[in-house]
Amino acid sequence: MPFANLKVPADTLSPESKKKLIDAVTDAYADVYGERARATTLVLVDEVVEGGWGLGGNVLTAEMLGRS
């Protein structure tokens, strides 16, 4: 079963954007593994809260993302 675990900043994607992302990742797996993989491709979109990850040794914040 193909599996993708995507980490995104919390509250940055609408439900429609999440669906679009899931569809695109599923399509990519199906392109590589063939259509037989589509039905079993699992895509998780994890929303990481502000301060929950770092970039270059710095805590990633909404301000750094230009969202504040």
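This one's a predicted model, so the numbers in the text were calculated from it and none came from an experiment.

Trainee: So what's going on with the overall build of the chain? Residues and values would help.
Mentor: For the chain, the count of helices and strands is two helices and four strands. In terms of C-alpha radius of gyration, the chain reaches 15 Å, well past the compact-globule figure of 11 Å for 68 residues. The buried share among the 68 residues of the chain stands at 21%. Taking the contacts inside the chain whose residues are at least 6 apart along the sequence as the reference set, 66% of them involve residues at least 24 apart. Looking at the chain as shown, the accessible area adds up to about 4,800 Å², and 56% of this sits on carbon and sulfur atoms.

Trainee: A description of the pairing of strand S1 (residues 3-9) should follow, citing residues and the corresponding values.
Mentor: As paired elements, S1 and strand S2 (residues 42-48) share seven bridges and run parallel to each other. Looking across to S2, one finds that alanine 4 is bridged to valine 43. Tracing the backbone out of S1, into helix H1 (residues 15-33) and back to the parallel element S2 gives a crossover that is right-handed.

Trainee: Outline unusual backbone geometry, supporting the account with residue identities and numerical values.
Mentor: Across the chain, the bulk of peptide bonds are trans and the bulk of non-glycine residues have phi less than zero. The phi angle at aspartate 11 is positive, at roughly 65 degrees, despite the residue not being glycine. By the secondary structure assignment, aspartate 11 is in the loop between S1 and H1.

Each value, and the rule that gives it
Per chain, residue numbering runs from 1 following the sequence as it is written. For this predicted model, a pLDDT threshold of at least 70 governs which residues receive local features, and a threshold of 80 or more governs which side-chain atom pairs are given and counted, while totals over whole chains, interfaces and linings are taken from all residues. No hydrogens and no water enter the side-chain calculation; it runs on all heavy atoms of the structure. Helix numbering and strand numbering both begin at the N terminus, where a helix is a DSSP run of H or I of at least 4 residues and a strand a DSSP run of E of at least 2. Every radius of gyration here is taken over C-alpha atoms, with the globule rule written as 2.2 Å times N^0.38, N being the number of residues. Partly exposed describes any residue whose relative accessible area lies between the buried limit of under 20% and the exposed limit of over 50%, with all areas from a 1.4 Å probe on protein chains only and scaled to the type maximum. The contact criterion used throughout is that any non-hydrogen atoms of two residues lie within 4.5 Å. The Shrake-Rupley method, run with a 1.4 Å probe sphere, supplies the accessible areas, and residue values consider only the shown protein chains as cover. A pair of strands is considered paired only if DSSP assigns at least 2 bridges between the two. Whether a crossover is right-handed depends on one test, that the path from the first strand over the helix to the second runs clockwise when the strands point away from the viewer.

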